[in-house]
Amino acid sequence: MVRQYKHERSSDMKLKLGLPKGSLQESTFKLFKKAGYNINVRERSYVPVINDAEIECLLIRAQEMARYVEDGVLDMGITGLDWVLEQDAQVVELVRLRYGKVGFRGVKWVVAVPVNSPIKTIKDLNGKKVATELVSFTKRYFKQRGIHASVEFSWGATEVKPPLLADAIVEVTETGASLKANNLRIIDTILESETVLIANKSAWKDGWKKRKMENITILLKGALLAEEKVGLKMNVPRKKLNRVLTILPSLQTPTISNLSDERWVAVEVIIDEDTVRELIPELKRAGAQGLVEYPLNKVIP
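All values reported here derive from a predicted model rather than from experimental measurement.

A.B. asks: Before we move on, could you go through the side chain of glutamate 86 and cite the residues and values that matter?
C.D. replies: Relative to the assigned elements, glutamate 86 resides in helix H3 (residues 81-86). Within the local environment of glutamate 86, its side chain forms a polar contact with the backbone nitrogen of phenylalanine 137, the two atoms lying 2.8 Å apart. Filtering out sequence-adjacent residues up to four positions away, glutamate 86 remains in contact with Glu133, Leu134, Val135, Ser136, Phe137 and Arg140.

Rendered as structure tokens:
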């Protein structure tokens, strides 16, 4: 008799993974590729192909992802924290992944009004009309602060609605450029959001699915961390090693290896990409030679 453990997978078991359709799609596919998962999807298809026979993918709008994960249609999904809160979805948050459609940053939901509006703070919104796609969260936010405003759903192009169709808007922004282009000014930030990896509660209790989701989480975190880091290696005269080490920051202690010439050592470190251009000239002046900078796919702390 073969004993089947909870973490074992039956031959027909698949992990159902939801991927965001729309603005996050390209950056999500790129992140998965760095994590070791190649995802391809045909034009107008909503069923991507992934190079893992144990995973089935489905493209879903980020706004709907949390509901499908909560209901068990999907075991796991990537969406925004804002949409999890908007739907008040009861899911397991596995990790927050700070990336977006224009880079590795979060987004903000802000209250904005026309530049010449007499509205100065959110308290001035009492009795006013507010347009937004984030209706439920906005209503809860205003209610908790005793603000009685009419919050209406906006189907899009929210920035153009004030002042004719609304007194104010609650809109998502990464840079604020679109708001400025439409002559709007921000009076409050009601939510700071970022991309989150979420799981269905029942799926998380399944041994095999939990292990699979943990593996994906580790690899995605490592791939995202690698976006901010580079590897740097160099040869250093042993007598100048201490001077070089005082210049080097590192994720951990630098790796130092002996070379065939006992007068030299090899040094290798992982450092923040945005500091390397300042470090290389200083390392060269300190005596380092043969410096090589290289990209990273994953960094697992």
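Don't stop here, the text continues.
A.B. asks: Residues and numbers for the packing of helix H1 (residues 25-35) against helix H7 (residues 207-226), please.
C.D. replies: At their nearest, the axes of H1 and H7 sit 8 Å apart, and the two run at 105° to each other. The angle between the axes of H1 and H7 places the two elements in the roughly perpendicular class. Contact residues: H1 offers Leu31, Phe32, Lys34 and Ala35, while H7 offers Ile216, Leu219, Leu220, Ala223 and Leu224.

A.B. asks: Hey, could you go over a negative patch on the surface for me, with residue numbers and the actual values?
C.D. replies: On the surface, a cluster of negative charge is contributed by Glu228, Glu273, Asp274 and Glu293. Tracing the backbone through its elements, the reader meets glutamate 273 in helix H9 (residues 273-286). In this structure glutamate 273 comes out as partly exposed when scored by relative accessible area, which is 41%.

A.B. asks: So what about the sheet that holds strand S10 (residues 168-173)? Which residues, and what values?
C.D. replies: A sheet is described by the order of its strands in space; here five strands give the open sequence S9-S8-S10-S7-S11, paired in mixed fashion. Looking at strand neighbours, the two that pair on one side only are strand S9 (150-153) and strand S11 (184-193), the edges of this open sheet. Each neighbouring strand pair of the sheet contributes to a mean axis angle of 25°, computed without reference to strand direction.

A.B. asks: How would you explain the packing of aromatic side chains if you had to name every residue and give the values?
C.D. replies: How two aromatic rings sit relative to each other is given by the distance of their centres and the angle of their planes. Counting across every chain of the model gives five aromatic pairs. Among the aromatic residues, those joined into a cluster by ring pairs are Phe137, Tyr141 and Phe142. Seen from the ring of tyrosine 46, lysine 21 lies directly overhead, with NZ or CZ sitting 5.1 Å from the centre. Directly above the ring of tyrosine 68 sits arginine 67, whose terminal nitrogen or CZ lies 4.7 Å from the centroid.

A.B. asks: I'd love a proper account of unusual backbone geometry, names of residues and values included.
C.D. replies: Backbone torsion omega between proline 162 and proline 163 reads 0°, so that peptide bond is classified as cis. Looking at the secondary structure, you find proline 163 in the loop between S9 and S10. Look at arginine 44: it is not a glycine, yet its phi comes out positive at around 70°. By the element assignment, arginine 44 lies in the loop between strand S2 (39-40) and strand S3 (49-50).

A.B. asks: Account for the sheet that holds strand S5 (residues 76-80), with residues named and values stated.
C.D. replies: One open sheet accounts for five strands, arranged S4-S1-S5-S12-S6; its pairing is mixed. In the strand order of this sheet, the two ends are held by strand S4 (55-61) and strand S6 (92-97), each with one partner. This sheet shows a mean twist of 25° between the axes of neighbouring strands, independent of strand direction. The sheet contact formed by S6 and strand S12 (residues 195-199) spans five bridges and is antiparallel. Bridge pairing in S12 links leucine 97 to threonine 195. Sitting on the sheet, H1 is in contact with strand S1 (15-21), S4, S5 and S6, with an inclination near 135° to S1. In the packing of helix H2 (residues 62-71) onto the sheet, the strands contacted are S1, S4, S5 and S12, and the crossing angle to S4 comes to about 130°.

A.B. asks: Give a description of helix H4 (residues 135-144) that names residues and reports values.
C.D. replies: By the burial criterion, the buried members of H4 are Val135, Phe137, Thr138, Tyr141 and Phe142. Looking straight down H4, one finds that the buried residues subtend no more than 165° of arc, so they occupy a single side. Seen from the open side of H4, the exposed residues pointing more than 90 degrees away from its buried face are Lys143 and Gln144. Where H4 is buried, its residues touch H3, strand S8 (129-132), S9, S10 and S11.

A.B. asks: Tell me about the environment of isoleucine 50, and please be specific about residues and values.
C.D. replies: Relative to the helices and strands, isoleucine 50 resides in strand S3. Residues isoleucine 50 and lysine 139, 89 residues apart in the sequence, show an inter-C-alpha distance of 39 Å. Other than its neighbours up to four places away in sequence, isoleucine 50 contacts Tyr37, Asn38, Ile39, Ile55 and Cys57.

Cut-offs and rules
- Residues numbered from 1 in each chain as written.
- Predicted model: local features only at pLDDT ≥ 70, side-chain atom pairs only at ≥ 80, totals over all residues.
- Heavy atoms only, no water.
- Helix = DSSP H or I, 4+ residues; strand = E, 2+ residues; numbered from the N terminus.
- Polar contact = N/O pair within 3.5 Å; in protein donor to acceptor, adjacent residues only side chain to side chain.
- Contact = heavy atoms within 4.5 Å.
- Axes fitted to C-alpha atoms, helices over the stretch in contact; angles between N-to-C directions.
- Parallel < 35°, antiparallel > 145°, perpendicular 65-115°, else oblique.
- Patch = residues over 30% accessible without salt bridge, like charges linked within 9 Å, V, L, I, M, F, W, Y side chains within 5 Å.
- Areas by Shrake-Rupley, 256 points an atom, 1.4 Å probe, with all protein chains shown as cover.
- Salt bridge = Lys/Arg side-chain N within 4 Å of Asp/Glu carboxyl O.
- Lys, Arg positive; Asp, Glu negative; His and termini not counted.
- Charge placed at Lys NZ, Arg CZ, Asp CG, Glu CD.
- Buried < 20%, exposed > 50% of the residue type's maximum accessible area, 1.4 Å probe, protein only.
- Pairing = 2+ DSSP bridges.
- Phe/Tyr/Trp six-rings, centres within 6.5 Å; stacked < 30°, edge-to-face > 60°.
- Lys NZ or Arg CZ within 6 Å of the ring centre and 35° of its normal.
- Arc of directions from axis to C-beta.

These figures capture arrangement, not role.
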